[in-house]
Amino acid sequence: MSDVGPFELADLRWTRVSGRLVAARLCVVGVVLAVPVVGGTVGALVSGEPWVWAVPAVALGVMGWVGWLVPRQVRALGYAERDDDLLVVRGIMFRRLVVVPYGRMQYVDVQAGPVARWLGIAQVQLHTAAPATDGSIPGLAPDEAARLRDRLASRGEAKLAGL
C-alpha cells in the first residue's frame, strides 16, 4: 500500500492563486465589520454604558481572526490541469479536492466584481450537470483566467466530441 493520501497526487504540479485574493477578501470583511465597529463606538460614547463597548470589541476581534485566517485559506487554494480533468484543492482544516472531468463541463464562466477588478483578479467558475460540483478558482490574474477559460472550453469540446 502507498503512503500517499487522497490530496497528495504523484507527479502533479499545483498552480496557486494570486495573493491579491487576500486583499480582496479582507477589504470586503473590513467594509462589513466597519459598521458594528463605528456604530458600536458611537453608541458606547453616546450612551455612556460600558457594556456597549462589547460590540466594537467583538467586531475588532473578528477582524483580527479573519486577518489571520484568510491568508492561510488563500495559500491553500490551487488547481492542476491533467490530460482528462481539472483538479481544484482548497481548505486547511477541512480539505477538499474536486476533480472535474473535461467531458462533463457544460460551460466555463469568468467573473470579477468591482473589488476584484480594482485588484486585478478574476474567478473562473466551471459548470457541470451536477449542481454540487464546486469548480470555482478565485484569485486568478485576468490573463490567466482568460487562458484557463479558453483551454478548459476547448478541452471540454474535444472530450464531448470524443476526440
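Structure's up top.
Residues numbered from 1 in each chain as written. Predicted model: local features only at pLDDT ≥ 70, side-chain atom pairs only at ≥ 80, totals over all residues. Heavy atoms only, no water.

Caption draft 1: Expanded view of the overall build of the chain. Assigned secondary structure in the chain consists of four helices and seven strands. In the chain, the order of α-helices and β-strands from amino to carboxyl end is β-α-α-β-β-β-β-α-β-β-α. Taken across its 163 residues, the chain has 33% of its residues classed as buried. Sequence separation of at least 24 residues holds for 52% of the intrachain contacts in the chain that already meet a minimum separation of 6. Surface accessibility of the chain: about 9800 Å² in total, with carbon and sulfur atoms responsible for 62%. (Helix = DSSP H or I, 4+ residues; strand = E, 2+ residues; numbered from the N terminus. Buried < 20%, exposed > 50% of the residue type's maximum accessible area, 1.4 Å probe, protein only. Contact = heavy atoms within 4.5 Å. Areas by Shrake-Rupley, 256 points an atom, 1.4 Å probe, with all protein chains shown as cover.)

Caption draft 2: Inspection of the environment of Arg151 at higher detail. Inspection of the secondary structure assignment puts Arg151 in helix α4 (residues 142-161). Distance in space between the C-alpha atoms of Arg151 and Glu81 is 9.8 Å, their sequence separation being 70 residues.

Caption draft 3: A look at the sheet that holds strand β5 (residues 105-111). Spatial strand order, β5-β6-β7: three strands in an open sheet with antiparallel pairing. Here the strands that pair on one side only, and so sit at the sheet edges, are β5 and β7 (135-140). Strand after strand, the sheet turns through a mean of 15 degrees between neighbouring axes, direction not considered. In terms of strand pairing, strand β6 (residues 122-128) meets β7 through four bridges, oriented antiparallel. If you follow Gln125 over to β7, its bridge partner there is Ser136. (Pairing = 2+ DSSP bridges. Axes fitted to C-alpha atoms, helices over the stretch in contact; angles between N-to-C directions.)

Caption draft 4: Main features of a nonpolar patch on the surface. Taken together, Val58, Val62, Trp65 and Trp68 make up a surface patch of nonpolar side chains, about 440 Å² in accessible area. Counting through the fold element by element, Trp68 comes out in helix α2 (residues 54-75). (Patch = residues over 30% accessible without salt bridge, like charges linked within 9 Å, V, L, I, M, F, W, Y side chains within 5 Å. Salt bridge = Lys/Arg side-chain N within 4 Å of Asp/Glu carboxyl O.)

Caption draft 5: View of the sheet that holds strand β2 (residues 78-81). One open sheet holds the four strands; their spatial order is β1-β2-β3-β4, and the pairing between them is antiparallel. Two strands in the sheet have a free side with no partner beyond their single neighbour: β1 (15-16) and β4 (96-101). Two strands pair when backbone bridges link them, and strand β3 (residues 85-90) and β4 are joined in this way by six bridges, in the antiparallel orientation. Bridge pairing in β4 links Leu87 to Val99.

Caption draft 6: The arrangement of helix α1 (residues 20-47) in detail. Helix length check: α1 (28 residues) gives 40 Å between terminal C-alpha atoms against 40 Å at 1.5 Å per residue, within 8%. The largest bend along α1 measures about 35 degrees and falls at Leu33, with the proline Pro36 one to four residues further on. Looking at the buried side of α1, the elements it contacts are α2, α3 (114-119) and β7. Immediately beyond the C-terminal end of α1, within one or two residues, lies Gly48, with a positive phi of roughly 75 degrees. (Expected span 1.5 Å × (residues − 1). Bend = angle between axes of the 7 residues up to and from the residue.)

Caption draft 7: The side chain of Gln125, seen in detail. For Gln125, the location among the structural elements is in strand β6. Its relative accessible area of 14% is what places Gln125 among the buried residues. At 3.5 Å, the side chain of Gln125 forms a polar contact with the side chain of Gln123. (Polar contact = N/O pair within 3.5 Å; in protein donor to acceptor, adjacent residues only side chain to side chain.)

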